Each structure stands twice: as structure tokens, then as C-alpha cells.
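Structural overview for review
Each chain, letter by letter, is given below.
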Amino acid sequence: HGFLYMFSFSVIIPTYTSIIDYFEEKSNTKGLIGAPSTYWGILMMMAPLGSLLNYLYETFLFKRSTKNPIIISCIGLIIGNALYVSAPPLNISFFLFLGRFICGLFNLRTHNKMYIINFLLQKDVSFYLTMFHTSSILGLGCGFIINCGLLFISSENKMLNKNTLGSIITIILSLVLLIITCIMFTEAHSKKFNITTMQMFGERIMDDESIKEMNSTNSVEGDDFSNIVKTQTLLLKDIDSKVGDFNRQNKFDDTNLVAKSVNELASKE
């Protein structure tokens, strides 16, 4: 997903000037000194502007789902790039600006970082954050390389030409990621308490008998929500009470890290 957005961002940058020139020729506005350069700058600004505004709702989505933001982002990239592609054949320059703005508005790249930090083991966070940034940089580089090659393609087709092929490739990649996400992505938010997650984050603070007992209690299909909440509360208190023993046995001088893990765990559950 990080690769895809940065690819979508960079794949059309080499074509900004040529597509603006195309609309300038069509509208016969070459007499307006500086107009092409002004339009080019505004067009380049639209995706970053949309990215700024997406932060207003991205955290809201993440608190409710980890799967839906990826789906929404893919759909947004498809719509945004489709508008960009359809602008020349429809001769509507406004679609260029609207398409790029929508691509930025639905990039949701911060979602990847929040997912890695909140749902992966602490020892794996640094590795996967590095992988995320590496894939983003790779997407940025691939976008430039591919579309620089596309600039040498000569096509008179209004839909398939050097200005639009980069966005068409992005639409295809977005569709592929959308299908994979719908089929294979497992929602991280779950209404049912998962003792395996507790054991994983707690590094086996609880003994095996307690784990078996809690698992058997939570697996009962007829439990109502209040009983589940009560069970979780007792379990968290049990872990909290054992953190001190765990800390003393390992001779930890700083308890902040352990306390933070318990607090994060309680928030997630």
C-alpha cells in the first residue's frame, strides 16, 4: 500500500507539463503569459493538499477498522486516477485537479504506521517500519522510471497515451491490492477477547493453568458482553499484579516499559 501511493504520486509527475500544454492548445490560451506554469504548479499541489486533509479522518477510521481504510484508499486511488485519465478525452481540465486531489485525500499512508506500531510485537516494529519506508521509496522511484519510459511512446489515442498510461497502470495495481485485501486481509479489531494476544504481549507472565482457564471461559458461545468485560478486567488486574514479580525477578530498574506494555494491551483489548 505504501508502494502504491508513492507510485501513484510519482508516475504522473513527468507528464504534468505535457498534459497542461495539451489543454492550453485546445483552449487557445497561449496568449496568457505564465498560465501553463501556474496551472502546472497548482496541479502538483493538489495531491499533497489532499494528503493534509486526510489526517482529519484517518485516525477516526483506524480506531474502528484496520481493513476498511486499505479498501477505501484503493477505491480512492482508482477514482482519482480514472478522473485524471478521462480528462483529455472528455476535454475537462477540472478532472485533472480533482483527480489528483482525491488521490491525496485517500492516500491513508499513516494507517500503515499505526498498524505496525499497534499490532506487531515491539521487537518487530523497527524492522517493519523500515520495510514500509523502503517500499514507499521504491514506489517513488519506480513511478519516475516507468513514466519516463512512457514519454517515448507516441500514441494519438486520447485515452491511451503518454500522459495517461501511468495512471492506468496505477488503476490496475489498485484493483489488484483491493482484491487481495478483500480476500486475504484479516481484521485486527475483534469484539472477542483473544488470550493468545495477551500471552504474546505479556511474554508468558501468566502461568499455563491461568491461560487454559481463561481460554475455556472466553470460548463459551453463550457469554454475554458484560461477563466478557468482567473477565477481561480480572485478567488485566492479574497481569498487572504479576508485573511487579516479573520486574523484580528480572531486576529491571525502569518499570516504564513494562507499565507501557500493560497500558497499551488494555487499550487494545
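Here is a short report on the structure shown in this document. (Residues numbered from 1 in each chain as written. Predicted model: local features only at pLDDT ≥ 70, side-chain atom pairs only at ≥ 80, totals over all residues. Heavy atoms only, no water.)

1. Details of the overall build of the chain
Heads up, the condition is: Each helix corresponds to a stretch of at least 4 residues labelled H or I by DSSP, and each strand to a stretch of at least 2 residues labelled E; elements are numbered beginning at the N terminus. Categorising residues by exposure relies on relative accessible area from a 1.4 Å probe, with only protein chains included: less than 20% of the type maximum marks a residue as buried, more than 50% marks it as exposed, and the intermediate range marks it as partly exposed. When checking whether two residues touch, look at their non-hydrogen atoms; a contact exists if any pair is within 4.5 Å. Per-residue and other accessible areas were derived by the Shrake-Rupley procedure at a 1.4 Å probe size, with only the shown protein chains allowed to occlude residues.
Counting its regular elements, the chain contains 12 helices and 0 strands. What you see in the chain, going N to C, is helices and strands ordered as α-α-α-α-α-α-α-α-α-α-α-α. For the chain, buried positions account for 38% of its 269 residues. A fraction of 77% describes how many contacts in the chain between residues 6 or more apart in sequence connect residues 24 or more apart. For the chain, the accessible surface area stands at approximately 15300 Å², while carbon and sulfur atoms represent 64% of it.

2. Comments concerning the side chain of serine 65
Here is the rule: We define a polar contact as two N or O atoms separated by no more than 3.5 Å, with the added condition that, inside protein, one atom must be a possible hydrogen donor and the other a possible acceptor, whereas residues neighbouring each other in sequence contribute only through side-chain atom pairs.
Tracing the chain through its elements places serine 65 in the loop between α3 (35-62) and α4 (68-90). Taking the relative accessible area as the measure of exposure, serine 65 reaches 4% and is therefore buried. A polar atom in the side chain of serine 65 sits 2.6 Å from the side chain of glutamate 187.

3. Overview of the side chain of histidine 1
Structurally, histidine 1 is set in the segment before α1 (2-10). With relative accessibility at 18%, the residue histidine 1 sits in the buried group. Of the polar contacts made by the side chain of histidine 1, one reaches the side chain of serine 73; its length is 2.7 Å. Among all residues touching histidine 1, those that are not within four sequence positions of it are Ile70, Ser73, Asn107, Leu108, Arg109, Asn112 and Leu177.

4. Let's talk about the pattern of salt bridges
Definition in use: Definition used for salt bridges: Asp or Glu carboxyl oxygen within 4 Å of a side-chain nitrogen of Lys or Arg.
Scanning the entire structure with this criterion turns up 1 salt bridge. The residue aspartate 124 makes a salt bridge to lysine 123 at a minimum N-O spacing of 3.5 Å. You can call aspartate 124 partly exposed: its relative accessible area is 24%. With a relative accessible area of 66%, lysine 123 lands in the exposed category.

5. Points about a nonpolar patch on the surface
Quick note on the threshold: Residues forming no salt bridge and having over 30% relative accessible area are the ones grouped into patches, like charges within 9 Å of each other and nonpolar side chains (Val, Leu, Ile, Met, Phe, Trp, Tyr) within 5 Å.
A cluster of nonpolar side chains, Tyr39, Ile42, Met45, Leu49, Leu52, Leu53, Tyr55 and Leu56, forms an exposed patch at the surface whose accessible area comes to about 780 Å². For tyrosine 39, a relative accessible area of 36% gives the class partly exposed.

6. Structural notes on the packing of α1 against helix α8 (residues 165-184)
This is how the line gets drawn: With axes taken as lines fitted to C-alpha atoms, and helix axes fitted only over the stretch in contact, angles between N-to-C directions fall between 0 and 180 degrees. Throughout this description, any angle smaller than 35 degrees is read as roughly parallel, any larger than 145 degrees as roughly antiparallel, any in the 65 to 115 degree range as roughly perpendicular, and the remainder as oblique. Take the far helix as your reference; a near helix turned counterclockwise from it by less than a right angle gives a left-handed crossing, and one turned clockwise gives a right-handed crossing. Residues are grouped as follows: Ala, Val, Leu, Ile, Met, Phe, Trp, Tyr, Cys and Pro are nonpolar; Asp, Glu, Lys and Arg are charged; all remaining types, including Gly, are polar.
Contact geometry for α1 and α8: axes closest at 10 Å, N-to-C directions at 165°. Between α1 and α8, the angle falls in the class roughly antiparallel. Handedness of the crossing formed by α1 with α8: left-handed. Packed against α1, whose contacting residues are Phe3, Leu4, Phe7 and Ser8, the element α8 presents Gly166, Ile169, Thr170, Leu173, Ser174 and Leu177 at the interface. Within the contact of α1 with α8, the residues separate by chemical class into 6 nonpolar, 4 polar and no charged.

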